[in-house]
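Now for the letters of each chain:
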Amino acid sequence: MSADPIISLRGVTKNYGSGATAFQALKGVDLDIAQGDFVAVMGPSGSGKSTTMNILGCLDVPTTGAFLFKGRHVETLDRDQRALLRRRYLGFVFQGFNLLARTTALENVELPLLYRGEDRRTRQIAGMAALDKVGLKDWWDHTPAELSGGQQQRVAIARAIVTQPDVLLADEPTGNLDSERSVEIMQLLTDLNRNSGITVLMVTHEPDMAAFARTIVHFKDGLVERVDQGAMA
Amino acid sequence: MILGTTVVLALRAINRHKLRSFLTTLGIIIGVAAVVTMVTLGNGATAAVREQISSLGANVLQLRPGQGFGRGGGGPRPPDFKEQDLTAIANQLTGVRAVAPIVQSSGTAIYEGNNWSTSVYGTTSAYSEVQQWKVADGRLFMPEEEEAGSPVCIIGNTVRNNLFQRADPVGKRMRIKGVSCQVIGVLTTRGQGGFGDQDDVVVMPIKFVQRRFTGDRDISQIMVAVDDAYDTSVVQASLEQLMRERRKIKPGADDNFNVFDTKQISDTLTGTTTILTQIVGTVAAISLLVGGIGIMNIMLVSVTERTREIGIRLAIGAVASEVLTQFLVEAIVLSCLGGLIGLVLALVASIAIAPLMQVPFIFNIQVNLIAFAFSAAIGVIFGYFPARRAAALNPIDALRHE
Ligand SMILES: Nc1ncnc2c1ncn2[C@@H]1O[C@H](COP(=O)(O)OP(=O)(O)OP(=O)(O)O)[C@@H](O)[C@H]1O
Ligand SMILES: [Mg+2]
């Protein structure tokens, strides 16, 4: 592990709403994620895990505080710059898969490459390679409606890794899957972390899943409660 | 980002949602088809009216006894015209291109057991000059036939079809009102006009009609063709003056004849059809606009429906302008496609309906281009605003959208 963290949060707060309905979801989060780490984020419901993941995924901005990605301040970037950052460095996996309907697995996986302006051939080769990595090479022409939940989540992971991102963010990737499928997904993430060198951040409620991670970050009431290192070491 | 990519995405989206795409396009298809069909048929109708009017003869003054339509009332019938009136008009008026007398009668024409009731016009060959009527087959009257009032006739197409069917009538002898005459020519078809079937006629030398049918040398109507270089109203005024003198009407007394300028009818009718075309065109244009609003509506709904999709695209790294371009391209492709289909439909409909309405089909490139450009513009305008709304969404809010 390198010394410089790839991700740093400093005093990050996030307020939702305004006036009487205002609610502070994050109350000053400090967090460092090392390059190449496999981090599980845990904590009670409503403790701010998803809020933090969205900020880390450049999908949302902190109300105050600093977010450094590879030493660069993200909180000062505009919408389009954040989009380009997502395109270049990040892969996101959601609890609800979020695949495009009526679109084949391969086309779903190719989509980020399309936005990168890759040509058709490159897209196809990289797309098939990513599907191969998640074990769905033979299912490339199936639409989400023709795939099981576990398969859909694996397509979503293939889509997140097809651009060879530095960081893979997964918000409850196994939340909609049974334990057997969940273990498959965890093994896949572990493999990507170990063999492809992707930094993995994953929100989970289940200790069994968290056990796959190297570092566990505990959230409580919009703050980082504690960080357990080397769970797997 | 390369435009080609957005086009690919837009085409994929259209292809994957065929029903939605079809519904979006439908408004434009109907709008464009309606506008183009209406205007094409309207132009055809105007052309048909012009054609009929030109059949009256351009710049022709019709001189009739009496005070004109619907006036005159009691008193003795004003006298008809004499041959001397004809020569006076031809010799004393300036700006007269041709003068033709008409004596009208009607009766049954018979040929080999076929009979047909028709109008008989007695006139001179000047009539063809005045009315711009041409002989399709055969010839006009010879001067000596006119002079002698020979039993020869030129027949219209309706008479020809009813008496002779497929046979060539030129040179045949037929009977008209019990008198035998030789067919020397067939008139060119002029069609069903606003003035009745203009081909249902037999034209004969005036002297023949006077001698055998009307029994006197009176002329019931004189047609005066005005030279193009002269002002019709000036010629009309001098014609009226001349006739007052010849018919010895005291100053202050009413005319006992009337002069009718056919150009008046032509102007009125052309004006009416033009206004009609404009009204119909406007109604059709409104339907095109409604079609455009339909596109906007469906684009708006589709953006709402597709909010999650937009969220996904933004989350995996699409820039807002790329999402905007994609929606815009979708709208443009759909409305251009709708425009094209609309034009084809209009073409088919116009070609099918024109003969039923008895108007010519006239392809007007301008109307087609304008309607197409308008539908494309609608796509751009009405596609842009919902697309902008879509692109302005925060990815997280878009993803959370159910
Ligand atoms: N868009 C929003 N508007 C208002 N409040 C929000 C919004 N998103 C989250 N919150 C609130 O912020 C708090 C933190 O939410 P967050 O989604 O980060 O929790 P979480 O730790 O991911 O919980 P869970 O384990 O249930 O997913 C919650 O109380 C939630 O109600
Ligand atoms: Mg959550």
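On a predicted model such as this, the values are computed, not experimentally measured, just so you know. (Residues numbered from 1 in each chain as written. Chains lettered and ligands numbered in written order. Predicted model: local features only at pLDDT ≥ 70, side-chain atom pairs only at ≥ 80, totals over all residues. Heavy atoms only, no water.)

Structural notes on the overall build of chain B
To be explicit about the condition: Helix numbering and strand numbering both begin at the N terminus, where a helix is a DSSP run of H or I of at least 4 residues and a strand a DSSP run of E of at least 2. Summary of the burial criterion: residues with accessible area below 20% of their type's maximum are buried, those above 50% are exposed, and those between are partly exposed, where the area comes from a 1.4 Å probe applied to protein chains only. Here, two residues are considered to be in contact whenever any of their heavy atoms come within 4.5 Å of each other. Areas reported as accessible are Shrake-Rupley estimates using a 1.4 Å probe. Residue values count occlusion only from the protein chains shown.
Along the backbone of chain B there are 13 helices and twelve strands. When each of the 402 residues of chain B is scored for burial, the buried share is 49%. For chain B, the share of sequence-separated contacts (at least 6 apart) that also reach a separation of at least 24 residues comes to 78%. When the accessible area of chain B is evaluated, it comes to approximately 18,900 Å², of which 60% is carbon and sulfur surface.

Overview of the nonpolar core
Defined as follows: For our purposes a nonpolar core is just a set of buried Ala, Val, Leu, Ile, Met, Phe, Trp, Tyr and Cys residues, chained together by side-chain atoms within 4.5 Å.
Membership of the largest hydrophobic core comes to 68 residues, with the highest contact counts inside it found for Ile7, Phe67, Phe69, Val167, Leu169 and Leu201 of chain A. Among the elements that line this core, the one with the most residues is helix H11 (residues 320–356) of chain B, at eight residues. Sequence-distant contacts of Phe67 of chain A, defined by excluding residues within four places in its chain, comprise Ile7, Ser8, Leu9, Ile55, Leu56, Cys58, Arg72, His73, Val74 and Glu75 of chain A. Counting 40 residues, the second-largest nonpolar core is a separate cluster that includes Val186, Ile206, Phe213 and Leu242 of chain B.

What to know about the UniProt feature "transmembrane region" (unreviewed entry) in chain B
Residue and element names in this part refer to chain B. Operational definition: UniProt positions are given in the numbering used here, feature names are shortened, and annotations may be inferred rather than shown by experiment.
The positions that UniProt labels "transmembrane region" (unreviewed entry) are, in the present scheme, residues 21–42, 279–303, 324–353 and 365–385. What you have in residues 279–303 is 100% helix and 0% strand, and the ends, taken at the C-alpha atoms, are 36 Å apart. Structurally, residues 365–385 comprises 100% helix and 0% strand, and the distance from its first C-alpha atom to its last is 31 Å.

Considerations on the packing of H11 of chain B against helix H12 (residues 365–391) of chain B
Residue and element names in this part refer to chain B. The test is simple: Lines fitted to C-alpha atoms define the axes, with helix axes restricted to the stretch in contact, and inter-axis angles between N-to-C directions lie between 0 and 180 degrees. Roughly parallel here means an angle under 35 degrees, roughly antiparallel means over 145, roughly perpendicular means 65 to 115, and every remaining angle is called oblique. Left-handed describes a crossing whose near helix is turned anticlockwise from the far helix through less than a right angle; right-handed describes the clockwise counterpart.
One way to put it is that H11 packs onto H12 with a least axis distance of 7 Å and a crossing angle of 155 degrees. On the basis of their axis angle, the class for H11 and H12 is roughly antiparallel. Relative to H12, H11 is oriented so that their crossing is right-handed. Contact with H11, carried on its side by Ala320, Val323, Leu324, Phe327, Leu328, Ala331, Ile332, Ser335, Cys336, Gly339, Leu340 and Leu343, involves Asn368, Phe372, Ser375, Ala376, Gly379, Val380, Gly383, Tyr384, Ala387, Arg388 and Ala391 of H12 and no other residues of that element.

Brief notes about the site of ligand 1
The condition is simple: We call a residue near a molecule or strand as soon as one heavy atom of that residue lies within 4 Å of the molecule or strand. Within 3.5 Å is the distance limit for a polar contact, defined as a pair of N or O atoms, with the added protein rule that one can donate a hydrogen and the other accept it, and that residues adjacent in sequence qualify only through two side-chain atoms. The residue classification treats Ala, Val, Leu, Ile, Met, Phe, Trp, Tyr, Cys and Pro as nonpolar and Asp, Glu, Lys and Arg as charged. All others, Gly included, are polar.
Close to ligand 1 lie 14 residues, the nearest being Ser45, Gly46, Lys49, Ser50 and Thr51 of chain A. Residues close to ligand 1 are split across chains A and B. Between ligand 1 and His205 of chain A there is a distance of 2.9 Å, counted from an oxygen atom to a side-chain nitrogen or oxygen. If ligand 1 stood free it would expose 630 Å²; the protein chains cover 66% of that surface. The greatest single-element share of the shell around ligand 1, amounting to three residues, is contributed by helix H1 (residues 49–56) of chain A. Residues of the shell around ligand 1, tallied by class, amount to four nonpolar, seven polar and three charged.

Thoughts on the pairing of strand E12 (residues 257–261) of chain B
Residues and elements named next belong to chain B. The condition is simple: The criterion for strand pairing is that DSSP finds at least two bridges linking the strands in question.
With five of its five residues buried, E12 lies for the most part within the structure. Burial of E12 is two-sided: the residues Phe257, Val259 and Asp261 facing one way and the residues Asn258 and Phe260 facing the other way are all buried. Bridging between strand E1 (residues 60–65) and E12 involves five bridges; their strand directions are antiparallel. Looking at the pairing, Pro65 lines up with Phe257 of E12.

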